[in-house]
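Listed below, chain by chain, are the residues.
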Amino acid sequence: MTDDIVRLKEIEQRLLWLSCWTIHHANHLRLKEDGDVKVGGHQASCASMVSIMTALYFDCLRPEDRVAVKPHASPLFHAMQYMMGNLSREKLENFRSFGGAQSYPSRTKDHDDVDFSTGSVGLGVAVTAFASIVQDYLAAKPWAKNKPDGRMIALVGDAELDEGNIYECLQECWKHDLRNTWWIIDYNRQSLDGVVREGLWQRIEAIFGAFGWHVVRLKYGVKQRSAFAEPGGEALRGWIDTCPNQLYSALTFQGGAAWRKRLMDDIGDGGQVSKLLDSRTDSELAELMNNLGGQCVETLSEAFAAIDHDRPTVFLAYTIKGWGTPLAGHKDNHAGLMNIAQMAEFQTAMGVSQGAEWAVMETISDPVLLQSWLDKSAFFTKGPRSYEAPKITTDGPVYLADAKQSTQAGFGKILDHLAKSGTSLSERIVTTSPDVTVSTNLGAWVNRTGLFARDHQSDTFRDENIPSTQKWQFSPAGQHIELGIAEMNLFLMLGAAGLSHSLFGERLLPVGTVYDPFIARGLDALNYACYMDARFMIVGTPSGVSLAHEGGAHQSIGTPLIGLSQDGLAAFEPAYLDELSIITDWAFDYMQRSGHGDAGDVVDERTWLRDETGGSVYLRLSTVVLEQPARRDSEIFCQDVIDGAYWLREPGPNCEVVIAYQGVVATEAIEAAGIIGNARRDIGVLAVTSADRLNAGWHAAVRMRKRGHGGATSHAERLLSALPPHCLLITVIDGHPATLAWLGSVKGHRTVPLGVEHFGQTGSLKDLYRHFGIDAKSIVSAVHELSVGRPVSLMTG
């Protein structure tokens with residue numbers, strides 16, 4: 001055994017103790033505070049991962065490598081960061097408490113060096129593959145600094161392989177010739193509700209092999225391999241290979257005597273096998289049988305060091321859930337916790353003195369020597385590895401001259417203009433789409449910038465002189481990453497690209513397009529990307545029942561509510577091109593902002609929004625062609641568009657009705673206002689460009705007033721403050737009516753929310769607007785029935 005392996009074993013045992021103690025302390029802290037244990041266990045999960053993480057972090061990783069840590073190994077990760085001086089004892093002691101180390105590694109909430117947030121199982125695994133593609137993308141660009149390639153590594157629970165997004169990722173990344181990606185599977189064969197099915201390892205190896213991954217099976221530790229070389233060892237290997245998972249787990253929990261009895265009953269022969277077993281005490285026999293490949297730092301270190309290529313590699317590391325603890329092998333150990341007596345017994349077995357539970361070097365034979373060894377550990381030598389990248393200056397709004405146009409087509413034209421400009425902003429834009437590039441109007445952009453691939457790939461249709469509007473060639477210079485039809489992959493790609501400034505020190509401005517209803521298909525990955533504070537723009541288009549002839553399967557209803565509720569995502573739905581131009585320019589700047597602060601710390605005292613922290617942006621666009629107003633570009637107008645609303649028709653002092661709309665139903669609202677203006681006084685029309693920002697600003701101002709900022713006033717409150725109390729608000733949107741229904745609560749006005757609540761169907765735009773009650777006549781009818789005054793004519797154009 002080399003000196004390095006001795007050091008690794010000492011670290012392994014110390015991390016095992018610290019992680020289990022951290023969980024124990026957290027649970028009993030909750031018991032003291034809340035009168036009940038409310039914190040999950042995961043001591044067993046930490047134990048199964050401790051050898052893998054010890055060998056990986058202290059003998060393999062380099063500073064440029066990035067790791068997504070298995071969610072339930074979070075206490076182990078934090079203990080390791082505490083050992084290396086990257087996390088305070090206070091944070092570790094307050095694991096799962098407010099302000100303490102988080103239950104699952106979090107880029108935004110933790111204070112130590114988290115590369116990828118994890119917790120929503122499967123997503124933290126797949127994002128590493130997309131991060132590797134982003135690394136290759138950057139390496140191909142002349143403006144990016146030369147950096148050594150890092151390995152994007154995921155520590156994977158075997159139960160995570162039930163997640164469908166894993167397999168969507170495998171297929172997509174095969175298309176992109178994935179490299180520099182390692183997935184290390186903690187194959188402990190136990191999940192939350194039991195023990196996994198027999199033979200899963202064969203399916204795992206077959207699937208990964210089919211997609212070109214190098215598969216490394218780590219089944220036996222050094223002690224087991226040594227025993228197999230003894231007389232009778234092959235019989236022991238054969239027994240291990242055929243032992244059912246449930247039985248292996250049960251015998252692990254029962255211990256050495258149970259192992260001996262079962263092995264003697266099954267393969268004892270009174271000769272070589274019996275001698276092999278008799279030469280070991282019960283505890284030594286248990287240690288031998290527990291010495292699987294994933295619980296042996298020497299085996300793991302050798303396997304990691306043996307990889308001499310950049311092919312994607314999966315390590316199937318056999319482990320024991322609860323290894324080294326009294327919980328080892330028991331089927332209930334997923335959320336199990338050592339009780340006080342078990343913890344005391346464990347503490348004695350680990351050699352930890354009373355009062356020294358948090359001491360980093362407790363039980364270490366030579367603390368000075370180990371500290372010197374740790375100081376030279378390659379992965380930690382450069383300290384925290386989160387980069388920053390300079391902001392790219394935006395060029396101002398790209399105004400379009402179209403007299404009639406849709407916002408979807410307008411967005412495509414804006415990107416095409418940016419592609420032609422060749423500015424520093426345009427070269428940092430990278431687009432992606434799940435097989436809807438052309439139908440979401442990215443075609444012109446891709447024609448100019450090309451598709452990305454590490455190697456040149458010619459356009460066969462062009463080479464064969466076949467006419468096509470698509471002039472697509474793959475090359476390292478390309479700025480569009482083609483994806484297949486899997487929205488989870490879209491948002492994982494956006495999440496990875498949206499972290500490029502932090503992971504790789506280079507700024508990217510990722511833009512993704514998708515049919516708006518299918519945002520819901522990737523919602524988990526969208527939420528995950530926002531939780532990691534990735535920065536990107538997602539364009540949902542076409543949207544609403546306005547996509548009339550496509551029918552209900554392609555007509556979105558609830559996506560405005562996603563925009564309203566999703567943290568880290570500023571949602572807009574412009575009706576006109578000048579609004580879209582202003583929002584797009586602002587979005588490219590907003591995506592790059594890096595101010596820090598929680599609610600109330602860093603705010604704009606005009607809107608009370610945390611705009612300096614930045615975030616991602618969602619544009620809900622449409623294929624409905626509208627007649628465009630004369631360009632509006634005053635500073636006040638631009639600011640109102642960004643803040644969420646402006647008066648398209650200013651209400652008079654005796655206003656009886658306000659129509660507030662969002663999106664392409666603008667024409668219906670305007671027509672209705674013209675009709676009811678003859679029967680109601682001082683009609684107002686409020687153009688809402690972002691219910692999300694309007695609502696967030698209102699809530700923020702209310703919170704700030706509670707905190708003593710008596711003058712805090714939101715944009716929504718300023719807009720509605722002049723309306724008399726009797727004024728009726730009619731809100732209308734091609735989406736769920738709840739999106740705007742809250743407006744009446746701002747100043748206490750009676751509100752009638754119109755919108756779409758049920759699945760759509762095919763038909764003309766006029767048919768569907770009438771059917772769902774969002775046409776001009778329906779708006780007029782609401783005013784006629786619910787407001788006091790002269791009868792309103794229901795005749796519309």
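Everything here concerns the structure above.
Residues numbered from 1 in each chain as written. Predicted model: local features only at pLDDT ≥ 70, side-chain atom pairs only at ≥ 80, totals over all residues. Heavy atoms only, no water.

A pair of packed helices is characterised by two quantities: the angle between their axes and the separation of those axes. The contact between helix α6 (residues 164-175) and helix α21 (residues 487-497) brings their axes to 9 Å, and the two run at 75°. By the criterion of interaxial angle, the relationship of α6 to α21 is roughly perpendicular. Judged by residue contacts, N165, E168, C169 and E172 of α6 engage M488, N489 and L492 from α21. Tallied by class, the residues present in the contact of α6 with α21 amount to three nonpolar, two polar and two charged. (Axes fitted to C-alpha atoms, helices over the stretch in contact; angles between N-to-C directions. Helix = DSSP H or I, 4+ residues; strand = E, 2+ residues; numbered from the N terminus. Parallel < 35°, antiparallel > 145°, perpendicular 65-115°, else oblique. Contact = heavy atoms within 4.5 Å. Nonpolar A, V, L, I, M, F, W, Y, C, P; charged D, E, K, R; others polar.)

All right, on to the packing of helix α5 (residues 123-139) against α6 then. At a closest axis distance of 9 Å, the pairing of α5 and α6 adopts a crossing angle of 15°. By the angle between their directions, the pair α5 and α6 is classed as roughly parallel. The element α5 and its partner α6 pack so that their crossing is left-handed. Between α5, through L123, V125, A126, A129, F130 and I133, and α6, the contact on the second element is made entirely by N165, I166, C169, E172 and C173. (Left-handed = near helix turned anticlockwise from the far one by under 90°.)

What links the strands of a sheet is backbone hydrogen bonding, and the strands pair in either a parallel or an antiparallel sense. As summarised here, the arrangement of the five strands in space is β18-β20-β19-β21-β22, forming an open sheet in which the pairing is mixed. Strand pairing shows two members of the sheet lacking a second neighbour, β18 (645-649) and β22 (751-754), which therefore form its edges. Sheet twist, expressed as the average angle between the axes of neighbouring strands with direction ignored, equals 20°. Summarising the sheet, β18 and strand β20 (residues 684-688) pair through four bridges and their orientation is antiparallel. Looking at β20, one finds that W647 is bridged to L686. (Pairing = 2+ DSSP bridges.)

As for its position among the elements, K331 is in the loop between β7 (313-318) and α15 (340-350). Considering only alpha carbons, one finds K331 and S249, 82 residues apart in sequence, at a separation of 7.4 Å.

Another point: a positive patch on the surface. A contiguous patch of positive charge on the surface is contributed by K109, R610, R703 and R707. Counting through the fold element by element, K109 comes out in the loop between α4 (89-93) and α5. Judged by relative accessible area, K109 falls into the partly exposed class, the value being 42%. (Patch = residues over 30% accessible without salt bridge, like charges linked within 9 Å, V, L, I, M, F, W, Y side chains within 5 Å. Areas by Shrake-Rupley, 256 points an atom, 1.4 Å probe, with all protein chains shown as cover. Salt bridge = Lys/Arg side-chain N within 4 Å of Asp/Glu carboxyl O. Lys, Arg positive; Asp, Glu negative; His and termini not counted. Charge placed at Lys NZ, Arg CZ, Asp CG, Glu CD. Buried < 20%, exposed > 50% of the residue type's maximum accessible area, 1.4 Å probe, protein only.)

In this section: unusual backbone geometry. If a residue is not glycine, its phi is most likely negative; likewise, a peptide bond is most likely trans. Note the cis peptide between T541 and P542, where omega equals -5°. Of note, P542 is situated in the loop between β14 (537-540) and α24 (559-565). If you check the backbone angles, N180 has positive phi at about 50° while not being a glycine. Tracing the sequence through the fold places N180 in the loop between α6 and β3 (181-187). The phi dihedral of N441 is positive, around 70°, even though this residue is not glycine. With respect to the secondary-structure elements, N441 resides in the loop between β9 (429-434) and α19 (443-449). You can call N441 partly exposed: its relative accessible area is 29%.

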